[in-house]
Amino acid sequence: MSANSSIEWPDVTWNPVTGCTKISDGCRHCHAERMALRLQRMGVEKYHEGFSVAVHESALGQPAAWKKPRLVFVNSMSDLFHRAVPGPFIERVFEVMNRFPRHTFQVLTKRLGRAVQLAGRLDWTPNIWFGVSVESRRWLGRLPLLKKTGAHVRYLSLEPLLGPLPVLELNGIDWVIAGGESGPGARPMAAEWVRATRDRCTRLGVPFFFQAVGWSIQEKDRSDARWPGLEPDAGEVVT
Ligand code: SF4
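One structure accompanies this document, and this report is about it.

Each value, and the rule that gives it
- Residues numbered from 1 in each chain as written.
- Predicted model: local features only at pLDDT ≥ 70, side-chain atom pairs only at ≥ 80, totals over all residues.
- Helix = DSSP H or I, 4+ residues; strand = E, 2+ residues; numbered from the N terminus.
- Buried ≥ 20, exposed ≤ 12 C-beta atoms within 10 Å, placed from the backbone.
- Contact = placed C-beta atoms within 7 Å.
- Expected span 1.5 Å × (residues − 1).
- Arc of directions from axis to C-beta.
- Pairing = 2+ DSSP bridges.
- Axes fitted to C-alpha atoms, helices over the stretch in contact; angles between N-to-C directions.
- Core = buried A, V, L, I, M, F, W, Y, C linked by C-beta atoms within 7 Å.
- Right-handed = clockwise from strand over helix to strand, strands pointing away.

## Thoughts on the overall build of the protein
For the protein, the count of helices and strands is seven helices and nine strands. For the protein, buried positions account for 36% of its 239 residues. For the protein, restricting intrachain contacts to residue pairs at least 6 apart in sequence, the fraction spanning at least 24 positions comes to 73%.

## A few points about helix H3 (residues 87-99)
With 13 residues, H3 extends 18 Å between its outermost C-alpha atoms, agreeing within 8% with the 18 Å of an ideal straight helix rising 1.5 Å per residue. Among all positions in H3, only Ile 90, Val 93, Phe 94 and Met 97 are buried. What you see down the axis of H3 is that its buried residues fit within an arc of 95°, all on one side. Exposed and oriented more than 90 degrees from the buried face of H3 are Pro 88 and Glu 95. Among the structural elements, strand S5 (104-109), helix H4 (112-118) and strand S6 (128-133) are those in contact with the buried residues of H3.

## A look at the sheet that holds S6
In any sheet, the strands associate via hydrogen bonds between backbone groups, in a parallel or an antiparallel arrangement. A sheet is described by the order of its strands in space; here seven strands give the open sequence S1-S4-S5-S6-S7-S8-S9, paired in parallel fashion. The open sheet has two edge strands, strand S1 (12-14) and strand S9 (208-210), and neither has a second partner. Along the sheet, successive strands turn relative to each other by an average axial angle of 25°, direction set aside. Strand direction decides the pairing type here: strand S7 (residues 153-158) and strand S8 (residues 175-178), joined by four bridges, are parallel. Looking across to S8, one finds that Ser 157 is bridged to Ile 177.

## So, unusual backbone geometry
Going from Glu 159 to Pro 160, the amide bond is cis rather than trans, its omega being 0°. Position of Pro 160 relative to the elements: it lies in the loop between S7 and S8. Its identity as a non-glycine residue notwithstanding, Asn 75 has a phi of 60°, on the positive side.

## Points about the environment of Ile 177
In this fold, Ile 177 is placed in strand S8. Here Ile 177 falls in the buried class, since 21 other C-beta atoms lie within 10 Å of it.

## Points about the environment of Arg 138
For Arg 138, the position within the fold is in the loop between S6 and helix H5 (142-146). Judged by the 12 C-beta atoms lying within 10 Å of it, Arg 138 is exposed. Considering only alpha carbons, one finds Arg 138 and Gly 163, 25 residues apart in sequence, at a separation of 9.2 Å.

## Quick notes on the nonpolar core
Counting residues in hydrophobic clusters, the biggest one holds 46 residues, and the most contacted among them are Leu 80, Leu 156, Leu 158 and Val 176. Those residues in contact with Val 176, other than ones at most four positions away along the chain, are Tyr 155, Leu 156, Leu 158, Thr 197, Cys 201, Val 206 and Phe 208. By size, the runner-up hydrophobic cluster in this structure holds five residues, among which are Cys 20, Ala 36, Phe 51 and Met 77.

## Focus: helix H6 (residues 191-204)
Taking 1.5 Å per residue as the helical rise, H6 with its 14 residues ought to reach 20 Å, and the 20 Å between its terminal C-alpha atoms agrees with that figure. Of all the positions in H6, only Val 194, Thr 197 and Cys 201 are classed as buried. Seen end-on, H6 carries its buried residues on one side only, within an arc spanning 70°. Exposed side chains of H6 directed beyond 90 degrees from the buried face belong to Glu 192, Asp 199, Thr 202 and Arg 203. Looking at the buried positions of H6, the neighbouring elements they touch are S7, S8 and S9. A positive phi of about 70° marks Gly 205, the residue just after H6.

## Thoughts on the pairing of S5
In terms of burial, S5 is largely enclosed, as five of its six residues are buried. Examined bridge by bridge, strand S4 (residues 71-74) and S5 share four bridges and lie parallel to one another. Across the sheet, Phe 73 pairs through a bridge with Gln 106, a residue of S5. In this region the chain leaves S4, passes through H3 and returns to the parallel neighbour S5; the handedness of that crossover is right-handed. Bridge count between S5 and S6: five bridges; the pairing is parallel. Bridge assignment links Leu 108 to a residue of S6, and that residue is Gly 131. Once you follow S5 into H4 and on to S6, the crossover reads as right-handed.

Pasting the structure below:
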């Protein structure tokens, strides 16, 4: 994807792995955890272990069944590079992505260290878009690791954005998405954090996409004029 391409939204999620553990600030109100526990209560077999990490062999065949090209979000209910996911299984997930170039796969992780460790064993075909979550300046160190993976298309997810990012190195980043936190207990996001990032992206020609203000601010400040030019224009990535 060139730096000037428009950002597209996944039309399907694919979860060969489910479950995770919290690793940083952005995980506090993990949407996947809430969803997994709800599905467990509903008796859905895939989630019988709730939010414990589990791999699903049966899911590996799904992309073959999608005959039309799809934009696929990989592991909306987990983090593919979680330490509990065996390396050989991650390789198999990549092999599936390699085998179906008609689909585009979006992989997002907070575990760049493991991704870099395994990178040489994985085939980073151009249909794999690889992203990293950075929720505050504390986690900016993940960003340079993204370039060590061999991914052709690299993106940055600033979601939920929990603080300002005064030093954001965007060299080699194809697009950026930002958004506030949703759900019970959502933490607020300041408009100036988003504006500063948007302006930096604009200066450098990096497509910037604003996902959503977030629940708490939307509810408190629905009529507030602090958000001009930052209106959300898409639904959630995770379905
Ligand atoms: S890494 Fe993602 S899936 Fe895992 S706990 Fe954090 S927010 Fe949830």
